[in-house]
Amino acid sequence: MDLAYTAEEEEFRARLRAWLATVLPTLPPRPDPLDWPGRRAHDCGWQRRLYEAGYADVHWDASPTHRLIFLEETERAGAPYVGANFVGLLHAGPTIAAEGTAEQRERWLPPVLRGDEVWCQGFSEPDAGSDLASLRTRAVRDGDDYVVTGSKIWTSHAEVADWCELLVRTDPDAPRHRGISWLAMPMDAPGITVRPLRTLAGSAEFAEMFLDEVRVPAAHRVGAENDGWRVTMVTLSFERGTAFVGEVVACRRTLGELAAAARRNGTWDDDVVRRRLGALSAEFRALWRLTQWNVSEAQASGGVPGTGGSVFKLRYSHARQELYDAAAAVLGPDALDLGREWNQDRLSSLSYTIAAGTSQIQRNIVAERILGLPKGG
């Protein structure tokens, strides 16, 4: 395993860094965080710029190392995050690139790369969140279509999406992990009702989604019928393995800003605060090294992250919460002011031990698939 960058990779970094320095000052102001149609337009506009500059396909048509460099440099430069394009670029896109047919890749990948189409994620259900395999949304084959009935919850970006990566049960009599299929559902199909859900921070990037005999062409199935659980594991390996990489860089930057704020307001004189920030610095350095290891492993195995992504996701989720708890200690009474820096991020950090698989699920994966421990009876 080699964690060093090659000369070609460093040249890619330098070229990207120069481009970012030129283009970022020309971007329009960022929209109100609560304005999701405005955020969609802004995020897709940024994606179009990446496409025109030749960087759009870095999330699935580049080596894992180039992807790591891209995320590192864009985050350090303060470039826009993927935002409304999160599911399309970091979940559905890589999955279709890895598992889709040539026709599916040609239909769905270019619009995501250009910023023309946005995807949402229809995985979780009211009674099937962490226990995803117990999902009950049904898809019954009718000629060339599936007829889908059921409901989803925590459907990321459903309010502004064109497509949904949807998990459905196509064989209710099969063992629960074997009767699932992965569909690409058009969000303008008749029978879809979307009801936004508002988060603690006031944003509505999630929604409930109700499906009443929605017809989805069978040609929109990615992978074989009833093989959707395996395809889903590919999706989740990207979500846990590489989708949070840029956020580690962001947390390291926030930690530096937090230390500077502590020096300004006097909390740096508190030994407990200094030890806390020092421990977090070591934590995020270790997470970055783990990221590099995971990327090296993915590069050696064909580009799909392995189970090491669960180790990363488990520890990162808790480290992020610890970071913003430390920010609250530095801010003191100002930690109650949602208009202050870091307080909105503190609220959003609460979801990280649930999103992309709860910490309990990640511990099970680590125990069974990495450590080889027996499953509980």
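### What to know about the overall build of the protein
- If you tally the helices and strands in the protein, you get 11 helices and 8 strands.
- Sequence-distant contacts, at least 24 apart, represent 73% of the contacts inside the protein between residues at least 6 apart.
- A total of about 17100 Å² of accessible surface is found on the protein, and carbon and sulfur atoms cover 52% of it.

### Quick notes on the nonpolar core
- Among the nonpolar cores identified, the biggest contains 28 residues, and Ile96, Trp108, Trp119, Leu167 and Trp182 are the most heavily contacted of them.
- Among the elements of the structure, α4 (86-99), α5 (102-114), β4 (163-169), β5 (180-186) and α6 (228-241) are those that each provide at least two residues to this core.
- Sort the elements by how many residues they give to this core and α4 lands first, with 6 residues.
- In this structure, Leu258, Phe284, Trp288 and Ala327 belong to the second largest nonpolar core, which totals 27 residues.

### Overview of helix α1 (residues 7-23)
- Helix length check: α1, at 17 residues, gives a terminal C-alpha distance of 25 Å against a target of 24 Å (1.5 Å per residue), a fit within 8%.
- Along α1, the residues classified as buried are Glu9, Phe12, Arg13, Leu16, Leu20 and Val23. Mapping the buried residues of α1 onto a view down its axis gives an arc of 105°, with all of them on the same face. Looking at α1, the residues exposed on the side facing more than 90 degrees away from the buried face are Ala7, Ala21 and Thr22.

### Some points on the pairing of strand β7 (residues 206-217)
- Pairing between strand β3 (residues 145-152) and β7: 7 bridges, direction antiparallel. When the bridges of β7 are listed, Val147 appears paired with Arg215.
- Pairing between strand β6 (residues 192-197) and β7: 6 bridges, direction antiparallel. In the sheet register, Arg195 faces β7, and the bridge partner there is Glu208.

### Some details on the packing of aromatic side chains
- One pass over the structure, following the stated rule, counts 8 aromatic pairs.
- For the pair Trp108 and Trp119, a centre-to-centre distance of 6.0 Å together with 85° between the ring planes defines the contact as edge-to-face. Of this pair, Trp108 sits in helix α5 while Trp119 sits in strand β1 (residues 119-122), placing them 11 residues apart in sequence.
- When the centroid spacing of 6.0 Å and the interplanar angle of 25° are considered together, the rings of Trp119 and Trp163 count as stacked. With Trp119 in strand β1 and Trp163 in strand β4, this pair connects stretches of sequence that are 44 residues apart. Like Trp163, Trp119 is buried.

### Side note on unusual backbone geometry
- Unusually for a residue other than glycine, Trp154 sits at a positive phi of about 55°.
- With respect to the element layout, Trp154 can be found in the loop between β3 and β4.
- Judged by relative accessible area, Trp154 falls into the partly exposed class, the value being 49%.
- Positioned with a positive phi, Asn226 is a non-glycine residue whose angle comes to about 70°.
- Along the polypeptide, Asn226 turns up in the loop between β8 (221-222) and α6.

### Description of the pattern of salt bridges
- Inspection of the entire model under this criterion finds 21 salt bridges.
- A salt bridge links Arg48 to Asp116, with the nearest nitrogen and oxygen atoms 3.2 Å apart. Remark: Asp116 occurs in the loop between α5 and β1 and Arg48 occurs in helix α2 (residues 36-53); sequence separation between them is 68 residues.
- According to the relative accessible area criterion, Arg48 is partly exposed, its value standing at 30%.
- We classify Asp116 as partly exposed; its relative accessible area is 34%.
- Salt-bridge contacts for Arg230 lead to Glu99; the nearest nitrogen and oxygen are separated by 2.9 Å.

Definitions and cut-offs
- Residues numbered from 1 in each chain as written.
- Predicted model: local features only at pLDDT ≥ 70, side-chain atom pairs only at ≥ 80, totals over all residues.
- Heavy atoms only, no water.
- Helix = DSSP H or I, 4+ residues; strand = E, 2+ residues; numbered from the N terminus.
- Contact = heavy atoms within 4.5 Å.
- Areas by Shrake-Rupley, 256 points an atom, 1.4 Å probe, with all protein chains shown as cover.
- Core = buried A, V, L, I, M, F, W, Y, C linked by side-chain atoms within 4.5 Å.
- Buried < 20%, exposed > 50% of the residue type's maximum accessible area, 1.4 Å probe, protein only.
- Expected span 1.5 Å × (residues − 1).
- Arc of directions from axis to C-beta.
- Pairing = 2+ DSSP bridges.
- Phe/Tyr/Trp six-rings, centres within 6.5 Å; stacked < 30°, edge-to-face > 60°.
- Salt bridge = Lys/Arg side-chain N within 4 Å of Asp/Glu carboxyl O.

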